[in-house]
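Fold and contact review
Given next are the chains, with one letter for each unit.
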Amino acid sequence: MERATQQQDDPRPHFVLVPWQGGISHIIPMTDIGRLLASHGAAVTIITTPANAPLVQSRVDDDDDLVTTPPEGAITVTAIPFPAAEAGLPPDDGCERLDLLRSPADVPRFFAANRHFGEAVASYCRAGEAMPRRPSCVVAGMCHTWALGMARELAVPCYIFHGFGAFALLCIEYLYKHRPHEAADDDDGLVVNIPALPAPFDDCCRLSRAQLPPHFAPSTAVGGGAMQEIREFDVAVDGVVVNTFDELEHGSCELLAAATGKAVVAVGPVSLCRRRSPDLDPQAMADDDARRVMEWLDAKETTRSVVYVSFGSAGCMPPAQVRQLGMALASCPWHVVWVVKGADAMPGDVKKWLSESFDSDKCLVVRGWAPQVAILAHRTVGGFLTHCGWGSTLEAIAAGVPMATWPLFAEQFLNERLIVDVLGVGVSVGVTRPTENVLSAGKLNGGGADVEAEVGMEQVMKALERLMDEGDEGEQRRKKAQELKAKANGALEKGGSSYMNLEKLIQCAS
């Protein structure tokens, strides 16, 4: 009782963060946002599911910090059961994250389970004995639409965290308002010019209809009208927390605030709250594997001689495309660290080819989760072949590493335009259509092992040659990347833009 009274009397604002279980790429940045808020003097409770709690707790406990270490006890990790079995999902831990679902048929069940999870979270937050320190602000992942009602009941502000950058969110906002994509609903090849974008975006943001985010793609089969619910949630919340920094996206935060009439708070790059930690999912990769990757890099003598290849925690290519990519990586003159998602689920001939085709000194194949932040920061890494997920994009920018862009789905084609055409720190591989994923329900490219490769070996090789170019073009990209790295690090330092935005967010919750 004495401890509860002390917590009730605690003058610190109390942030309740509920990461979306869409994947590790959503959970990790929200956990890092919690660490940043705590380092600025706030109390933080991160609510997640039992299967995801060890990942969150491991990051909370790691004190290897670039910013001020949060005081002991400033962050509480709370695990609330996820009703997977009750919603008809297979009763195992993998069903507590969307990216681990085995079938698109399970997606509607996952969203149904998430609604019941929200009821349990709200019940927990209402209970004084369970949460003796009253919440001051709720920050919820993009699909936790139930969080708004909880925040209103608690009479506290509610912010949304999408995991997207400000430019992508701005494009999505303009697409909703102007709807240029509706000119030909049945034509996925229709080129959409996103209206109302000012310079330097106005000449670069033309996408095919198939490349648009899932909010607008008719081929996307998200269960239970989820996209409409997310839009309604987005419109109703009090503000948006964005993993970016004000200097990066050419005024996108201000434009987004003007377009939505909401507070837009840039607090990144949040990965910079960590310096040397292995960045691991403890369920996906052992510490020995992380050490193996770093020791392999340490053994390379030449700086900028390694290409790092990863398509994120949810990025999975069809086998034919994996083979074309692999042939390019095996033939290129650079050393390669290649993270292969879903390697164990590949057909037998592809698995055999993967195990036999690569000299481990030339190309290190990683099957699972890799210490990406540490890899990108390593002196030997000179380029990053990426799917353009926003977390990976920011991590590359924070490390000053140029990118070759290979978007797969979601908002990644928008991110590619920012990386290549606006920031000038990337080269496009030339992908024109999205890749199958658990949300598309087999309606994009036919799904499965028979899908042909869109990008051939020679096309990959040409992109890598441009990425690693030692001439004037490559030098200009590296120079721009290093300039953005300096700005990224400065944003979180005391007095920097993200540092001050964190202070303002805490003041708004006080």
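Here is a short report on the structure shown in this document. Throughout, residues of each chain are indexed from 1 in the direction in which the sequence is written. Residue-level local features of this predicted model are given only where pLDDT is at least 70; pairs of side-chain atoms are given and counted only at 80 or more, and the full residue set underlies all totals for whole chains, interfaces and linings. Side-chain measures were taken over the full set of non-hydrogen atoms in the model, leaving aside hydrogen atoms and water.

Observations regarding the overall build of the chain
For the chain, the helix and strand inventory stands at 17 helices and 15 strands. Burial here depends on accessible area, computed with a 1.4 Å probe over protein chains only, as a share of the maximum for the residue type. Under 20% is buried, over 50% is exposed, and the range in between is partly exposed. Looking at the chain as a whole, 60% of its 510 residues qualify as buried. Contacts are assigned to residue pairs that have any heavy atoms within 4.5 Å of one another. Within the chain, counting contacts between residues at least 6 apart in sequence, those at least 24 apart form 73% of the total. Carbon together with sulfur atoms contributes 49% to the accessible area of the chain, which is approximately 19700 Å² in total. In DSSP terms, a helix is any run of H or I states spanning at least four residues, a strand is any run of E spanning at least two, and both are numbered starting from the N terminus. The accessible surface values rely on the Shrake-Rupley method and a 1.4 Å probe; as for residues, cover is taken only from the protein chains in view.

Quick notes on the nonpolar core
Buried residues of nine kinds, namely Ala, Val, Leu, Ile, Met, Phe, Trp, Tyr and Cys, make up a nonpolar core once their side-chain atoms join them within 4.5 Å. Counting 179 residues, the largest nonpolar core has F15, L37, I47, L325, W338 and W406 as its most contacted members. Domain boundaries shown here were taken from an automatic or database domain assignment. Counting only domains with at least three residues in this core, you end up with domain 1 (14-161) and domain 2 (280-490). Excluding anything up to four places from it in sequence, I47 contacts V16, L17, V18, P19, T78, I80, F117, V121, Y124, C125 and M131.

Considerations on the environment of F117
Here F117 is to be found in helix α4 (residues 107-126). Residue class for F117 comes out buried when judged on its relative accessible area of 0%. Put simply, F117 and P81 are 36 residues apart on the chain and 7.3 Å apart in space, counted from C-alpha to C-alpha. Setting aside chain neighbours within four positions, we find F117 in contact with V18, Q21, I47, T48, T49, I80, P81, F82, P83, H144 and W146.

Some remarks on the pairing of strand β11 (residues 335-339)
In terms of residue burial, β11 counts as a mostly covered element, since 4 of its 5 residues are buried. Pairing of strand β10 (residues 306-310) with β11 involves 4 bridges; the strand directions are parallel. If you follow V307 over to β11, its bridge partner there is V336. Seen with its strands pointing away from the viewer, a crossover is right-handed when the path leading from the first strand over the helix to the second is clockwise. Of the crossover connections in this fold, the one passing from β10 over helix α10 (residues 319-331) to the parallel β11 is right-handed. When DSSP finds at least two bridges between two strands, those strands are taken to pair.

Describing the environment of R417
Note that R417 resides in helix α14 (residues 412-422). Leaving out residues up to four positions away in the same chain, R417 has contacts with C204, R206, L207 and V422.

Quick word on the sheet that holds strand β14 (residues 403-405)
The sheet built from 6 strands is open, its strands ordered β12-β11-β10-β13-β14-β15 with parallel pairing. Of all strands in the sheet, those with a lone pairing partner are β12 (363-366) and β15 (426-428), marking the two edges. Across the sheet, the mean angle separating the axes of adjacent strands is 15° when strand polarity is ignored. Only C-alpha atoms enter the line fits that serve as axes; for helices the fit covers just the stretch in contact. Angles between N-to-C directions range over 0 to 180 degrees. Across the sheet, helix α15 (residues 457-467) touches β10, β13 (381-386), β14 and β15, and the angle it forms with β15 is around 165°.

Remarks on the pattern of salt bridges
Salt bridge criterion: a side-chain nitrogen from Lys or Arg within 4 Å of a carboxyl oxygen from Asp or Glu. Tallying each qualifying case throughout the model produces 18 salt bridges. Salt-bridge contacts for R59 lead to D32; the nearest nitrogen and oxygen are separated by 3.0 Å. Of this pair, R59 sits in helix α3 (residues 53-61) while D32 sits in helix α2 (residues 24-39), placing them 27 residues apart in sequence. Using a relative accessible area of 3% as the deciding quantity, one classes R59 as buried. Looking at D32, the relative accessible area reads 2%, which means it is buried.

Some remarks on the side chain of T405
Secondary-structure assignment places T405 in strand β14. Side-chain polar atoms of T405 contact the side chain of E416, separated by 2.7 Å. In this structure, T405 is in contact with T386, C388, E416, I419, V420, V427, S428 and V429, ignoring residues within four places of it in sequence. We call two N or O atoms a polar contact when they sit within 3.5 Å, provided that within protein one can donate a hydrogen and the other can accept it, with sequence-adjacent residues counted only if both atoms are side-chain atoms.

Section: the environment of R35
Residue position: R35 is located in helix α2. On the accessibility criterion, R35 (1% relative accessible area) is buried.

A look at the pairing of strand β8 (residues 239-242)
Residue alternation in β8 divides its side chains into two sets, G239 and V241 and V240 and V242, and both sets are buried. Sheet analysis places strand β5 (residues 158-161) next to β8, joined by 2 bridges and oriented parallel. Residue I160 lies in a different strand from β8, and its bridge partner there is V240. Relative to strand β9 (residues 263-266), β8 runs parallel, the two sharing 4 bridges. Across the sheet, V240 pairs through a bridge with V264, a residue of β9.

Some remarks on the packing of aromatic side chains
Two rings from Phe, Tyr or Trp (for Trp, the six-membered ring) form a pair when their centres are within 6.5 Å of each other. A pair whose planes differ by under 30 degrees is stacked, one over 60 is edge-to-face, and the rest are tilted. One pass over the full model with this rule turns up 12 aromatic pairs. Judged by centre distance (6.2 Å) and plane angle (80°), the rings of F117 and W146 are edge-to-face. You can see F117 sitting in helix α4 and its partner W146 sitting in the loop between β4 (137-141) and α5 (147-154), a full 29 residues away along the chain. Residue W146 is classed as buried on the basis of its relative accessible area of 15%. Summarising the aromatic geometry, the rings of F167 and F201 are spaced 4.6 Å apart at their centres and angled 25° between planes, so their arrangement reads as stacked. With F167 in helix α6 (residues 166-178) and F201 in the loop between β6 (191-193) and β7 (206-208), the pair connects residues that are 34 residues apart, well separated along the chain. Here F167 matches F201 in class, with each residue buried.

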